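Here are the chains, one letter per residue:
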Amino acid sequence: MAKLTQDELLAQFEEMTLIELAEFVKAFEDKFDVTAAAPVAVAGVAAQGAPVEAAEEQDEFDVILEAAGDKKIQVIKEVRTLTSLGLKEAKDLVDTAGAKVLEKVAKDVAEKAKAALEGAGAKVTVK
């Protein structure tokens, strides 16, 4: 297998969507047993490893950003705090209506993320 240069790798990442990049980061973390950033991401990974207690009770939630509101910069800062995204990726996510900020996280993590984003002025839904 040919070794890719840093520029070739960056070109590949440039073509990926935010969701694809987030999935790549998770796979990278799992493969090399490392953590990219925020403690919330670690809690999300821990929640995925927890055994399923009851099939009828939902234990994984998605935090969806419906609108950034008037304080867009504060919302971008909160998105960066909650995820391992860079500034440009966080801005792109905030600009996209209906974007998932966090996927398949525990209820308490989802509620904390919702409170933080709403405190910054965003409209958020937890599903």
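Nothing here was measured: the structure is a model prediction, and the numbers come from that model.

Asker: Would you explain the environment of Leu85 in this entry?
Answerer: Along the polypeptide, Leu85 turns up in the loop between helix 4 (72-82) and helix 5 (87-95). Each C-alpha atom, one on Leu85 and one on Val101, is 9.9 Å from the other, the two residues being 16 residues apart in sequence. With near-sequence residues (within four places) excluded, Leu85 lies in contact with Leu18, Val79, Arg80, Ala90 and Leu93.

Asker: Honestly, the side chain of Thr83 in this entry has me stumped. Any pointers?
Answerer: Along the polypeptide, Thr83 turns up in the loop between helix 4 and helix 5. In this structure the side chain of Thr83 is engaged in a polar contact, spanning 2.7 Å, whose partner is the backbone oxygen of Val79. Separated by 3.3 Å, the side chain of Thr83 and the backbone nitrogen of Leu85 make a polar contact.

Asker: How should I be thinking about the side chain of Asp62 in this particular structure?
Answerer: Following the sequence through the fold, Asp62 ends up in strand 1 (residues 61-67). Residue classification places Asp62 among the buried positions, given a relative accessible area of 15%. In this structure the side chain of Asp62 is engaged in a polar contact, spanning 3.3 Å, whose partner is the side chain of Lys100. Polar side-chain contacts of Asp62 include one of 2.8 Å to the backbone nitrogen of Lys104. When residues no more than four places from it in sequence are discounted, the contact partners of Asp62 are Lys100, Leu102, Glu103, Lys104, Thr125, Val126 and Lys127.

Asker: Just checking my understanding: could you explain the pattern of salt bridges for this structure?
Answerer: A side chain with one charge may pair with a side chain of the opposite charge, provided their charged atoms come close. The tally for this structure, following the rule as stated, stands at 4 salt bridges. Residue Asp95 pairs with Lys72 through a salt bridge whose shortest N-O separation is 2.5 Å. Of the two residues, Asp95 sits in helix 5 while Lys72 sits in helix 4, which places them 23 residues apart along the sequence. Each member of the salt-bridge network shares a partner with another, and the members are Lys72, Lys91 and Asp95.

Asker: Quick question: what am I supposed to make of the packing of helix 4 against helix 5 here?
Answerer: When two helices pack together, their arrangement is captured by the angle between the axes and the distance separating the axes. Interaxial distance between helix 4 and helix 5 falls to 9 Å at its minimum, and their mutual angle equals 120°. For the element pair helix 4 / helix 5, the angle class is oblique. Read as a crossing pair, helix 4 and helix 5 show a hand that is right-handed. Between helix 4 and helix 5, the residues in contact are Lys72, Val75, Ile76, Val79 and Arg80 and Leu87, Ala90, Lys91, Leu93, Val94 and Asp95, respectively. Looking at the contact of helix 4 with helix 5 residue by residue, the class counts come to 7 nonpolar, no polar and 4 charged.

Asker: Help me understand the nonpolar core, please; the structure alone is not making it clear to me.
Answerer: Generally speaking, nonpolar side chains in soluble globular proteins are found buried as a group. Residues Leu65, Val75, Val79, Val101 and Leu117 are the most contacted members of the largest nonpolar core, which totals 24 residues. Those elements that place two or more of their residues in this core are strand 1, helix 4, helix 5, strand 2 (99-105) and helix 6 (107-119).

Asker: What exactly am I supposed to notice about helix 5 here?
Answerer: Since the α-helix turns once every 3.6 residues, residues separated by three or four places project in the same direction. Of all the residues in helix 5, the buried ones are Ala90, Leu93 and Val94. Around the axis of helix 5, the buried residues are gathered within 100° of arc, so they sit on the same side.

Asker: What's the story with unusual backbone geometry in this structure? I'm lost.
Answerer: Negative phi is the rule for most residues except glycine; trans is the rule for most peptide bonds. Positive phi values are uncommon outside glycine, yet Asp33 reaches one of about 50°. With respect to the helices and strands, Asp33 occurs in the loop between helix 2 (18-32) and helix 3 (39-49). Of note in the backbone geometry, Lys104 takes a positive phi value of approximately 50° without being a glycine. Position of Lys104 among the secondary structure elements: in strand 2. We classify Lys104 as partly exposed; its relative accessible area is 47%.

Each value, and the rule that gives it
Note that residues are indexed from 1 along each chain, following the sequence as it is written. Local features are withheld for residues below a pLDDT of 70 in this predicted model, meaning they are given only at 70 or higher, and side-chain atom pairs are given and counted only at 80 or more; totals for whole chains, interfaces and linings count all residues. Excluding hydrogens and water, the side-chain figures rest on all heavy atoms present in the structure. Counting from the N terminus, the helices are DSSP H or I runs at least four residues long and the strands are E runs at least two residues long. Residue contacts follow a heavy-atom distance rule, with two residues in contact if any of their heavy atoms lie within 4.5 Å. For this analysis, a polar contact is any N or O atom pair within 3.5 Å, provided that within protein one partner can donate a hydrogen and the other can accept it, and provided that sequence-adjacent residues contribute only side-chain to side-chain pairs. Burial classes follow relative accessibility: with a 1.4 Å probe on protein chains only, a residue under 20% of its type's maximum area counts as buried, one over 50% as exposed, and anything between as partly exposed. Salt bridges, as used here, are contacts in which a Lys or Arg side-chain nitrogen is within 4 Å of a carboxyl oxygen on Asp or Glu. A fitted line through C-alpha atoms represents every axis, and for helices the fit uses only the stretch in contact; the resulting angles, taken between N-to-C directions, go from 0 to 180 degrees. By definition in this entry, angles of less than 35 degrees are roughly parallel, angles greater than 145 are roughly antiparallel, angles of 65 to 115 are roughly perpendicular, and the rest are oblique. Two helices crossing with the near one rotated counterclockwise from the far one by less than a right angle form a left-handed crossing, whereas a clockwise rotation gives a right-handed crossing. Polar here means any residue outside two lists: the nonpolar Ala, Val, Leu, Ile, Met, Phe, Trp, Tyr, Cys and Pro, and the charged Asp, Glu, Lys and Arg; Gly therefore counts as polar. Joining through side-chain atoms within 4.5 Å is the link that ties buried Ala, Val, Leu, Ile, Met, Phe, Trp, Tyr and Cys residues into a set, and such a set is a nonpolar core. Here the arc refers to the directions that run from the helix axis out to each C-beta atom.

Remember, this is a structural readout, not a statement about activity or role.
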